[in-house]
Each structure stands twice: as structure tokens, then as C-alpha cells.
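Fold and geometry: a report
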Amino acid sequence: MPLSTYSARCTAHRKIAHDVYEFTLATPKGFSFQAGQFVMFLVPLVDNPADVQGRAFSIASAPSEPELLFVAKIKEGGRAGRWIAEMLKAGDDVKFQGPLGNFTLAPAGKEQRLLFLATCSGIAPLRSQMLEALRQGDKRMMDMAFCVRTEEDLFWTKELAAIAQEYPNVHVHVSLSQPSSGWKGLTGHVQDIASRVITDLPERSIYVCGGPEMVKAVRIKAEQEWKIPKQRIHSEDYV
Ligand SMILES: Cc1cc2nc3c(=O)[nH]c(=O)nc-3n(C[C@H](O)[C@H](O)[C@H](O)COP(=O)(O)OP(=O)(O)OC[C@H]3O[C@@H](n4cnc5c(N)ncnc54)[C@H](O)[C@@H]3O)c2cc1C
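We now turn to the structure provided with this report. (Residues numbered from 1 in each chain as written. Predicted model: local features only at pLDDT ≥ 70, side-chain atom pairs only at ≥ 80, totals over all residues. Heavy atoms only, no water.)

Considerations on the packing of aromatic side chains
Basically, it comes down to this: Two rings from Phe, Tyr or Trp (for Trp, the six-membered ring) form a pair when their centres are within 6.5 Å of each other. A pair whose planes differ by under 30 degrees is stacked, one over 60 is edge-to-face, and the rest are tilted. Labels follow the DSSP assignment, with helices taken as runs of H or I lasting at least four residues and strands as runs of E lasting at least two, numbered in each case from the N terminus. Categorising residues by exposure relies on relative accessible area from a 1.4 Å probe, with only protein chains included: less than 20% of the type maximum marks a residue as buried, more than 50% marks it as exposed, and the intermediate range marks it as partly exposed. For a lysine, the NZ atom is tested; for an arginine, the CZ atom; a charge sits over a ring if that atom is within 6 Å of the ring centre and within 35 degrees of the ring normal.
All told, the structure shown has 15 aromatic pairs when counted by the stated rule. Look at Tyr6 and Phe31: their rings are 5.0 Å apart centre to centre, the planes differ by 75°, and that puts the pair in the edge-to-face class. Placement of the pair is Tyr6 in strand β1 (residues 5–17) and Phe31 in the loop between β2 (20–26) and β3 (38–45), with a sequence separation of 25 residues. By relative accessible area, which is 7% here, Phe31 ends up buried. Relative to Trp156, the ring of Phe155 has its centre 5.3 Å away and its plane inclined at 75°; by these criteria the two rings are edge-to-face. Both residues of the pair, Phe155 and Trp156, belong to the buried class. Over the face of the ring belonging to Trp156 we find Arg127, whose NZ or CZ atom lies 5.7 Å from the ring centre.

Here we look at the sheet that holds strand β12 (residues 233–237)
For clarity, the threshold we go by: By definition, two strands form a pair when at least two bridges between them are found by DSSP. For this analysis, residues touch if any pair of their heavy atoms sits within 4.5 Å. Only C-alpha atoms enter the line fits that serve as axes; for helices the fit covers just the stretch in contact. Angles between N-to-C directions range over 0 to 180 degrees.
Strands sit in the order β10-β9-β8-β7-β11-β12 across an open sheet of six strands; the sheet is parallel. The strands lining the two open edges of the sheet, one partner per strand, are β10 (186–187) and β12. Alignment of strand β7 (residues 113–119) against strand β8 (residues 141–148), held across seven bridges, turns out to be parallel. In the strand pairing of β8, Phe116 is matched with Met144. Against the sheet, helix α2 (residues 123–135) makes contact with β7, β8, β9 (170–176) and β11 (204–210), and its axis sits at roughly 160° relative to β8, the strand it touches most.

Observations concerning the packing of α2 against helix α3 (residues 157–166)
The geometry of a pair of packed helices is captured by two quantities: the angle between their axes and the separation between those axes. Using the following cut-off: These descriptions rest on fixed angle ranges, namely under 35 degrees for roughly parallel, over 145 for roughly antiparallel, 65 to 115 for roughly perpendicular, and the rest for oblique. For any helix crossing, the convention is left-handed if the near helix is rotated counterclockwise from the far helix by under a right angle, and right-handed if that rotation is clockwise.
Two elements in contact, α2 and α3, have axes whose closest approach is 12 Å; the angle formed by their N-to-C orientations is 25°. In terms of axis orientation, α2 runs roughly parallel to α3. As α2 packs across α3, the resulting crossing turns out to be left-handed. Facing α2, whose interface residues are Ile123, Arg127, Met130, Leu131 and Leu134, α3 presents Glu159, Leu160 and Ile163.

Notes on the site of the ligand
How we decide: It suffices for a single heavy atom of a residue to lie within 4 Å of a molecule or strand for the residue to be listed as near it. The term polar contact refers here to a pair of N or O atoms within 3.5 Å; inside protein, the definition further demands a hydrogen-donor-capable atom paired with an acceptor-capable atom, and it admits residues adjacent in sequence only when both atoms are side-chain atoms. Only the protein chains shown count as covering a residue, and every accessible area follows the Shrake-Rupley method with a 1.4 Å probe. Put simply, Ala, Val, Leu, Ile, Met, Phe, Trp, Tyr, Cys and Pro go in the nonpolar bin, Asp, Glu, Lys and Arg in the charged bin, and everything else, Gly too, in the polar bin. Marked domain ranges trace back to an automatic or database domain assignment.
Neighbouring residues of the ligand: 21 residues in total, closest Arg55, Ala56, Val71, Glu76 and Ala80. In this structure, an oxygen atom belonging to the ligand sits 2.6 Å away from a main-chain N or O atom of Ala56. Here an oxygen atom of the ligand and a side-chain polar atom of Ser121 are 3.0 Å apart. Out of a free accessible area of 970 Å², the ligand has 65% covered by protein chains. Those elements that place two or more of their residues in the shell around the ligand are β4 (48–58), β5 (67–73), α1 (79–87) and β12. The element contributing the most residues to the shell around the ligand is β4, with four residues. In terms of residue class, the shell around the ligand is made up of nine nonpolar, five polar and seven charged. Counting contributing residues per domain, the shell around the ligand is built from domain 1 (5–100) and domain 2 (113–237), each supplying no fewer than three.

That is the geometry; function is a separate question.
Pasting the structure below:
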């Protein structure tokens, strides 16, 4: 079936960390998705807007939220990066195709204890999955390990803390891989944090999202050290 193309109004756009932006779109009529899926934005070149190419972005909002939320880590000089940082603003209409992908949460009967592992904007589909499950009354144990490089790269930590406060089955672990000397929280890469703070790793189902190197490292560790069967390791690479 051909993919539908939607036009959506950007309702908010702001920088939330060093090189990280979030923006929201009014959900276009007829568009629906499953938590964890992504869309393909038709991204204009800043210097020649008639030149358009697709770029994938995960939907960070839960399907039950009223608007579509996105978070973008800007790669300097990149097409989507320049579009989001230099051109896009509230009030603009944007085009996308989708929904796409099958990085979705297995039902409660199949998987009992969940571990979400994210670096930077890789948190997008995991936020959607976790929030939607919680809103549907999912009582499974859920841990979210979220790692960025430095304090300047942190975002959404207040919201994550509020979710953990509201839902007793959720625990959030925020870590920096290159902290300043003043940082009092967890340090290290996301897979090292999981090894340190999760005591029942072989029982977990893993949902991991971020750059391909991190995802590969997590998959190897999960299979070889944590002894998690392949079918309970789910990942999305931001290539
Ligand atoms: C399923 C999926 C979901 C995704 N979801 C998200 C998400 O939610 N959030 C997110 O931040 N990212 C996400 N990504 C990544 C995103 O799609 C883009 O790959 C990313 O934003 C970079 O795109 P870009 O157009 O800015 O860079 P591109 O234009 O694709 O360039 C990539 C890199 O190459 C460099 N480059 C480009 N042209 C040249 C040149 N001529 N010479 C030298 N260097 C050059 C750029 O500087 C940049 O660093 C996702 C990817 C996938 C596959």
C-alpha cells in the first residue's frame, strides 16, 4: 500500500539542550500510530527549499497525547539538522509520511519486566512506549536508563522524574558519560549503568534506541553477559 503523506502545523519549537530541539505538531486528521513508530519528514534544503528529501524521526509522544512530539539531536551541517535549527518555527506547515516501523512494545503477557535504554534523542520512541503503556494501566516493572554526554546535553529529566513519582512501577536512571566535576548523579555509558543498577537483568526485556554503535554494544552485552534471549532484545538504530 502506498504511504500516506500528511501535512501538519508546527505548534511549538524550542531548543532544550546543547544541539537538541523539540517540536510539536498538531496531529493531522486521519493520522494514527503505535507507540514506538516513526515518520519520514519531507525535509527541504535550507539553501534551496524546493530540494526535498526524507529523514526519519521517531514520534516521542504517546498515541493518547493530543499532539505529536519530536526531539532532534542536530548533526552539524546535516539537512534535517539545519532545517530544524535554522528554518522550522511554530506556525509552519510540515509534510511527513508514515507511520513506519515495528519498534513497538510486546504485550504484557509476553514480556514481564522492561528495561528501556536510551542515549540522547534515542529516548523518543521509548518515551512514547513507556507513557502509552502506563496510561493504559500497564503495571509491569519498567526501568529507564537515559545517558547523555554532559550536563549541557540533558533534557526531559524533570518529566522523567515526575513519571517515576507518579507510577511506582517506574524507575529512572540518568547518567552522564563525560560529567563535570560537580555532577552528583550516575556516570558511565548506558549499558554500564544497567549492569550496575538493575539486579534482575536476565529477567528483562530490552528496548534500546540511539546511535548504531551504542545499540550494537548493548545487544552484545545483553546477549553475552546479561543472558537475555535475542527475541527479548528490541532495538532501533538512528543511522
Ligand atoms: C528509524 C529512525 C528514527 C530516527 N529518529 C530520530 C529522532 O527521533 N531524533 C533524531 O535526532 N534523529 C533521529 N533519527 C536520525 C535522523 O533520521 C537523521 O539521520 C539525523 O537527524 C541526521 O540527519 P541530517 O539530515 O541532519 O544529516 P544528513 O544530511 O543525513 O548528514 C549526516 C551527516 O553527514 C554530514 N554531511 C552531510 N553532507 C555532508 C557533506 N557534503 N560533506 C560532509 N559531511 C556531510 C552531516 O554534517 C551530518 O553530520 C532517526 C533515524 C532513523 C533511521
